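Structural overview for review
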Amino acid sequence: MPASDHVRDLRTSAIDWLEKWLDESDRDEDRLQILSGLREACVAPGHGALDAGLAKILLDDTTRVCGIMTARAAAWGLELRRWCEVDALHTLPVSRAET
C-alpha cells in the first residue's frame, strides 16, 4: 500500500475523532474502548508493502497516540493505567520487554 495524502487524511481523521471522544469521556470503561480504537488506528495496514512514506505515517501516528495517552493518563484510574502499561509491553519485541 503506497503512502498517499488520502491514507494520511483518513488515519488523521480517525485519530482526531477518537481523541475528541477520549477527552469527552469521564468513565474508564468508555476510555478503554476508545484507547483500543486509538491503538488500532495507528497500526500498520494488513496488506501491501511498507514503503518509506507509509512507514513515516505509521511512526507519526504512533507517536501522536502515545502523546495523547501520556498527556491524559494521570487523570485515569489505576486499572486503566495498568492496562496501558501492559498493552505497551506487549507491543515491544520480546528481547526489549524482558529487560
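Cut-offs and rules
- Per chain, the residues get numbers from 1 upward, laid out in the order the sequence is written.
- Local features in this predicted model are restricted to residues of pLDDT 70 or higher, and side-chain atom pairs are both shown and tallied only at a pLDDT of 80 or more, whereas totals for entire chains, interfaces and linings draw on every residue.
- Side-chain metrics rest on all non-hydrogen atoms present in the structure, leaving aside hydrogens and water.
- To obtain each axis, a line is fitted to C-alpha atoms, and for helices this fit is confined to the stretch in contact; angles are then taken between N-to-C directions over 0 to 180 degrees.
- By the criteria applied, helices consist of DSSP H or I runs no shorter than four residues and strands consist of E runs no shorter than two, each listed in order from the N terminus.
- Roughly parallel means an angle under 35 degrees; roughly antiparallel means over 145; roughly perpendicular covers 65 to 115; every other angle is labelled oblique.
- Only heavy atoms enter the contact rule, under which two residues are in contact if any of them lie within 4.5 Å.
- In this classification, the charged set is Asp, Glu, Lys and Arg, the nonpolar set is Ala, Val, Leu, Ile, Met, Phe, Trp, Tyr, Cys and Pro, and all remaining amino acids, among them Gly, are polar.
- Salt bridges are counted wherever a side-chain nitrogen of Lys or Arg sits within 4 Å of a carboxyl oxygen of Asp or Glu.
- Each residue is placed in one exposure class: buried if its accessible area under a 1.4 Å probe, protein chains only, is under 20% of its type's maximum, exposed if it is over 50%, and partly exposed if it falls in between.
- Given a helix with a known number of residues, its expected span is that number minus one, times 1.5 Å.
- By arc we mean the arc of the directions from the helix axis to the C-beta atoms, nothing more.
- Crossing handedness: left-handed means the near helix sits turned counterclockwise from the far one by under a right angle, and right-handed means the same turn made clockwise.

**Considering the packing of helix α1 (residues 5-24) against helix α3 (residues 52-72)**
Viewed as axis vectors pointing N to C, α1 and α3 meet at an angle of 5 degrees, and their least axial separation amounts to 11 Å. Taken together, the axes of α1 and α3 are roughly parallel relative to one another. Contacts between α1 and α3 pair Val7, Arg8, Arg11, Thr12, Ile15, Asp16, Glu19, Leu22 and Asp23 from the former with Leu54, Ile57, Leu58, Asp60, Asp61, Arg64, Val65, Ile68 and Arg72 from the latter. In terms of residue class, the contact of α1 with α3 is made up of 8 nonpolar, 1 polar and 9 charged.

**Structural notes on the pattern of salt bridges**
Throughout the structure, instances matching the rule amount to 10 salt bridges. The partner of Asp60 in a salt bridge is Arg8, with the nearest N and O atoms 3.7 Å apart. Residue Asp60 is found in helix α3, and its partner Arg8 is found in helix α1; the two are separated by 52 residues along the sequence. A relative accessible area of 32% places Arg8 in the partly exposed class.

**Comments concerning helix α2 (residues 28-41)**
At 3.6 residues per turn, the α-helix brings residues three or four places apart onto the same side. Between the first and last C-alpha of α2 there are 19 Å, a value that for 14 residues agrees with the 20 Å anticipated at 1.5 Å per step. Three or more residues of α2 are buried, namely Arg31, Ile34, Leu35, Leu38 and Ala41. The arc that holds every buried residue of α2, seen down its axis, measures 115 degrees, which confines them to one face. Exposed side of α2, more than 90 degrees from the buried face: Glu29, Gln33 and Glu40 are the residues found there.

**Overview of α3**
Here α3 spans 31 Å end to end across 21 residues, near enough to the 30 Å set by a 1.5 Å rise per residue. The set of residues buried in α3 consists of Leu54, Ile57, Leu58, Asp61, Val65, Ile68 and Met69. Axial view of α3: buried residues confined to an arc of 100 degrees, hence all on one face. Seen from the buried face of α3, the exposed residues on the opposite side, beyond 90 degrees, are Ala52, Leu59, Thr63, Thr70 and Ala71.

**Concerning the environment of Arg72**
Structurally, the position occupied by Arg72 is in helix α3. Spatially, the C-alpha atom of Arg72 lies 9.1 Å from that of Leu22, the residues being 50 residues apart in sequence. Not counting residues up to four positions away in its chain, the partners in contact with Arg72 are Glu19, Leu22 and Asp23.

**Let's talk about the packing of α1 against α2**
Interhelical geometry of α1 versus α2 gives an angle of 165 degrees and a closest axis separation of 10 Å. Here α2 runs roughly antiparallel to α1, going by the angle between their axes. For the pair α1 and α2, the sense of crossing is left-handed. Residue-level contacts link Arg11, Ile15, Leu18, Glu19, Trp21 and Leu22 of α1 to Arg31, Ile34, Leu35, Gly37, Leu38 and Ala41 of α2.

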